[in-house]
Amino acid sequence: MNVKKYIHPRNKYKRPPDYKKLAILYPEFREIAIMDFSGKMRIDFKERKSLHVLTETLLKHDFDLHVNIPPDNLNPAIPLRLNYILWIEDLMMHSKLQMDKVTGIDIGTGAVCIYALLLAKIYKCQMIGTEVNKDSVKHAQECVRRNKLQNLIEIITVNSNRIFKDTMQNDKVYDFSMCNPPFFESEDDGFDKVAKILPPRNASTGNDGELKTEGGEVAFVTRMIEESVEMQDRIKIYSTMIGKKADLASLRRLLRSRNITNITWTEFCQGYTTRWGLAWSFVPQNIVNLTTAPVIRKRGKSIVRSLKNYKISITFPMNDKFSYIDDMISFIRATAEELNIELQNASEDNFDNWSCQIIARERSWEHTRRKRRLAQQIAMKRAKGETDECIEANMCIEETSIKIENDMKKLNEERSDKKLFDDTPLLVCKLWVEVMGIESSDSEDIITQSDEIFRIWMIFEDGHGGLDALHSLRQYLINKLGVREKILDNPLKIKKKKS
Ligand SMILES: C[S@@+](CC[C@H](N)C(=O)[O-])C[C@H]1O[C@@H](n2cnc3c(N)ncnc32)[C@H](O)[C@@H]1O
């Protein structure tokens with residue numbers, strides 16, 4: 001995918017920063033810069049410290065902003081922050097509001113109050129940054145003082161149960177609000193899963209308090225929407241960033257269910273990550289019309305094309321349950337049936353390999369995983385000695401919320417997928433199963449049964465769920481196969497079994 005095509009046209013990081021120049025100008029950048037054989041300067045994106053220094057250097061060089069990012073805090077990557085800010089500028093201009101006259105609220109401003117700093121510095125906006133974490137508040141206030149922006153930025157501590165209520169002053173009207181909410185659920189494995197499954201491109205930064213919240217971003221933004229219904233046009237344009245595409249669909253649906261139709265959404269595309277922006281307004285459409293505001297939205301197909309033939313694998317030693325390729329074929333057929341996944345073009349069973357194509361139309365494996373988690377919870381509660389009535393009462397609540405969540409997911413998929421992706425399935429991928437042998441150092445060709453392993457290749461072919469769907473199905477299969485602890489992907493030496 002040509003990322004540059006979708007990054008905001010006024011985003012200066014459409015062109016990558018000149019690392020050589022930064023290394024010459026800034027000693028601290030020089031320390032983390034690496035010169036490769038061709039004389040090209042780069043940095044190690046897997047090093048958290050390098051990311052922090054890069055951000056600090058760019059803020060200094062491009063915006064004359066002086067900050068230090070605390071080692072345990074989130075690295076506020078500038079290209080993404082700038083994409084959001086430029087979209088806010090588009091919305092303000094579209095609504096005939098002048099940037100140097102507007103007042104904005106940044107919800108969850110963080111230790112660096114990055115949005116407030118950039119908006120105040122670039123446009124001279126009046127900004128209020130809210131934050132629940134006391135250390136972050138202190139650090140953000142220090143950033144404001146250090147950059148002499150006290151006349152434009154106010155940082156306030158708020159109560160975690162409220163989004164806007166501690167912030168609004170009497171009858172004052174604010175022009176916009178923005179937010180980069182904590183994305184992950186407190187109990188969610190998504191946070192760790194993302195870190196474990198995805199190939200490590202960038203070091204993860206940020207602590208649990210910054211990245212996790214009860215109920216994840218949907219719950220956080222839902223509270224924001226509910227409070228906005230009470231406050232109506234006290235804020236002219238409410239906005240938030242969204243981390244997951246499925247959540248964007250849920251939240252758009254929630255807005256519609258509250259009869260809020262003056263809405264818009266956009267994509268923030270930079271590097272490998274895509275985020276989404278959602279905005280809504282209670283101001284009459286003849287004054288603020290978000291439905292006609294400029295946006296950036298790429299077609300689903302363009303992501304898919306770039307993923308074509310991306311492959312991942314599940315490799316594990318043979319065991320009692322899976323000791324012949326027939327066992328694996330039966331397992332895949334049964335799983336596909338259980339998950340309502342189409343299985344096509346299955347090849348002949350060749351003793352040591354077998355292939356087929358699978359077509360999934362919904363994330364049925366995710367619902368199954370939740371059910372399994374629920375069953376585990378019941379078993380644990382029984383073991384703890386809870387009575388069946390008590391378990392039933394508690395589980396009823398959980399099951400109801402799971403059902404609501406599933407129903408919402410289904411509806412979202414139906415609505416947003418139909419609109420955005422016509423009839424493209426969620427995931428089309430080829431499965432290729434091989435029996436292989438681990439090459440041992442002392443024998444050249446002889447493979448004993450105990451050295452045999454299974455490798456299931458999953459090759460992406462199509463589908464709007466992209467790599468996310470592929471990886472989540474892989475994780476489901478690993479769990480179902482019961483080989484989580486035995487995964488051997490990328491073993492040092494693997495060779496095809498000789499027949
Ligand atoms: C993902 S971080 C975003 C930080 C910063 N805005 C950025 O973009 O880098 C989310 C922030 O929201 C804060 N937060 C969580 N709940 C909040 C609430 N109810 N009101 C204000 N801030 C909150 C967290 O402490 C954290 O600093």
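Residues numbered from 1 in each chain as written. Predicted model: local features only at pLDDT ≥ 70, side-chain atom pairs only at ≥ 80, totals over all residues. Heavy atoms only, no water.

Draft legend 1. The sheet that holds strand S5 (residues 153-157), seen in detail. On the basis of which strands lie adjacent, the open sheet formed by seven strands has the order S5-S4-S3-S6-S9-S11-S10 and mixed pairing. Bordering the open sheet on either side are S5 and strand S10 (263-270), each of which pairs with just one other strand. Each adjacent strand pair in this sheet contributes to an overall mean axis angle of 20°, direction not counted. Strands in contact with helix H5 (residues 78-94) are strand S6 (174-179), strand S9 (235-242), S10 and strand S11 (273-280); relative to S10, the strand with the most contacts, it is inclined by about 150°. (Pairing = 2+ DSSP bridges. Helix = DSSP H or I, 4+ residues; strand = E, 2+ residues; numbered from the N terminus. Axes fitted to C-alpha atoms, helices over the stretch in contact; angles between N-to-C directions. Contact = heavy atoms within 4.5 Å.)

Draft legend 2. Layout of the confidence of the model for the protein. Averaged over every residue, the pLDDT of the protein is 82; the share at 70 or more is 78%. This model gives residues 414-422 a pLDDT under 50, and the stretch forms 14 contacts once residues within four places in sequence are excluded. (pLDDT = per-residue confidence, 0-100.)

Draft legend 3. Representation of empty space enclosed by the protein in the model. With the rule as written, the count across this model stands at one cavity of 30 Å³ or more. In this structure, the largest cavity spans a volume of roughly 70 Å³. As for the largest cavity, its lining consists of Ile-332, Thr-335, Ala-336, Leu-339, Ile-341, Ile-358, Leu-431, Leu-473 and Leu-477. The set of elements that each furnish at least two residues to the lining of the largest cavity consists of helix H13 (325-338) and helix H16 (466-481). Tallied by class, the residues present in the lining of the largest cavity amount to eight nonpolar, one polar and no charged. (1 Å grid on protein atoms, 1.4 Å probe; cavity = no way out; pocket = protein on both sides within 12 Å on 5 of 7 lines; lining within 4 Å. Points joined across faces, edges and corners; volume = space filled by probe spheres on them. Nonpolar A, V, L, I, M, F, W, Y, C, P; charged D, E, K, R; others polar.)

Draft legend 4. Region of interest: the UniProt feature "binding site: S-adenosyl-L-methionine" (unreviewed entry) in the protein. Per the UniProt entry, the sites bearing "binding site: S-adenosyl-L-methionine" (unreviewed entry) are Arg-81, Gly-108, Glu-131 and Asn-180 in this numbering. For Arg-81, the position within the fold is in helix H5. Ignoring sequence-local partners within four residues, the contact set of Arg-81 consists of Leu-74, Asn-75, Pro-76, Ile-114, Tyr-115, Leu-118 and Asn-180. By secondary structure assignment, the location of Asn-180 is in the loop between S6 and strand S7 (184-185). For Asn-180, a relative accessible area of 18% puts it in the buried group. Those residues within four positions of Asn-180 in sequence are excluded, and the remaining contacts are Arg-81, Ile-107, Tyr-115 and Met-241. (UniProt positions renumbered as here; feature names shortened; annotations may be inferred. Buried < 20%, exposed > 50% of the residue type's maximum accessible area, 1.4 Å probe, protein only.)

Draft legend 5. Spotlight on the pairing of strand S14 (residues 353-360). Most of S14 sits out of view: eight of its eight residues are buried. The side-chain alternation of S14 yields two buried faces, one formed by Asn-353, Ser-355, Gln-357 and Ile-359 and the other by Trp-354, Cys-356, Ile-358 and Ala-360. In this sheet, S14 lies alongside strand S13 (residues 342-344) in antiparallel orientation, the contact comprising three bridges. Residue pairing across strands places Glu-342 opposite Ile-359, the latter belonging to S14.

Draft legend 6. Region of interest: the pattern of salt bridges. Scanning the entire structure with this criterion turns up 14 salt bridges. Measuring nitrogen to oxygen at the nearest pair gives 2.6 Å for the salt bridge that ties Lys-60 to Glu-28. Taken as a pair, Lys-60 in helix H4 (residues 48-63) and Glu-28 in helix H3 (residues 27-32) lie far apart in primary sequence, 32 residues in all. Glu-28 gets classed as partly exposed once you look at its relative accessible area, which sits at 30%. A salt bridge links Asp-468 to Arg-363; the nearest nitrogen and oxygen atoms lie 3.1 Å apart. Of this pair, Asp-468 sits in helix H16 while Arg-363 sits in the loop between S14 and helix H14 (364-383); the two residues are 105 residues apart in sequence, bridging distant segments of the chain. Through salt bridges with shared partners, a single network forms among Arg-10, Glu-89 and Asp-90. (Salt bridge = Lys/Arg side-chain N within 4 Å of Asp/Glu carboxyl O.)

Draft legend 7. Here's a closer look at the nonpolar core. One finds Phe-29, Leu-117, Leu-119, Ile-153, Phe-176 and Met-178 to be the most contacted residues of the largest nonpolar core, which totals 62 residues. Per-element accounting of this core gives the leading share, 10 residues, to H5. Excluding residues that lie within four positions of it along the chain, Met-178 makes contacts with Tyr-84, Ile-85, Ile-88, Ile-105, Asp-106, Ile-107, Tyr-115, Leu-119, Met-127 and Ser-239. Of all hydrophobic cores here, the second largest spans 37 residues; its members include Ile-314, Phe-331, Leu-426 and Phe-460. (Core = buried A, V, L, I, M, F, W, Y, C linked by side-chain atoms within 4.5 Å.)

Draft legend 8. Structural context of the packing of aromatic side chains. All told, the structure shown has 11 aromatic pairs when counted by the stated rule. Taking 6.2 Å as the distance between ring centres and 40° as the angle between the ring planes, the aromatic pair formed by Tyr-84 and Trp-87 counts as tilted. With Tyr-84 and Trp-87 both in helix H5, this residue pair falls three residues apart, about one helical turn. Under the relative-accessibility criterion, Tyr-84 is labelled buried at 0%. On the basis of relative accessible area, Trp-87 is assigned to the buried category, the value being 2%. Plain terms: the ring middles of Trp-87 and Phe-268 are 5.8 Å apart, the flat faces sit at 70° to each other, and that makes the pair edge-to-face. Of the two residues, Trp-87 is situated in helix H5 and Phe-268 in strand S10; the sequence distance between them amounts to 181 residues. Across the pair, Phe-268 and Trp-87 agree in class, each one buried. An aromatic cluster of three or more residues is present, and its members are Tyr-84, Trp-87, Tyr-115 and Phe-268. (Phe/Tyr/Trp six-rings, centres within 6.5 Å; stacked < 30°, edge-to-face > 60°.)

Draft legend 9. Representation of the packing of helix H10 (residues 216-231) against helix H11 (residues 245-257) within the structure. Remark: H10 packs on H11, axes separated minimally by 10 Å, with the N-to-C direction vectors making an angle of 25°. Put simply, H10 runs roughly parallel to H11. Between H10 and H11 lies a crossing of right-handed hand. For the pair H10 and H11, contact is made by Glu-217, Val-218, Val-221, Thr-222 and Ile-225 and by Asp-247, Leu-251, Leu-254 and Leu-255, respectively. Here the residues of the contact of H10 with H11 sort into six nonpolar, one polar and two charged. (Parallel < 35°, antiparallel > 145°, perpendicular 65-115°, else oblique. Left-handed = near helix turned anticlockwise from the far one by under 90°.)

Draft legend 10. Up close: H16. Helix length check: H16, at 16 residues, gives a terminal C-alpha distance of 23 Å against a target of 22 Å (1.5 Å per residue), a fit within 8%. Looking one or two residues past H16, Gly-482 carries a phi angle of roughly 75°, positive in sign. (Expected span 1.5 Å × (residues − 1).)

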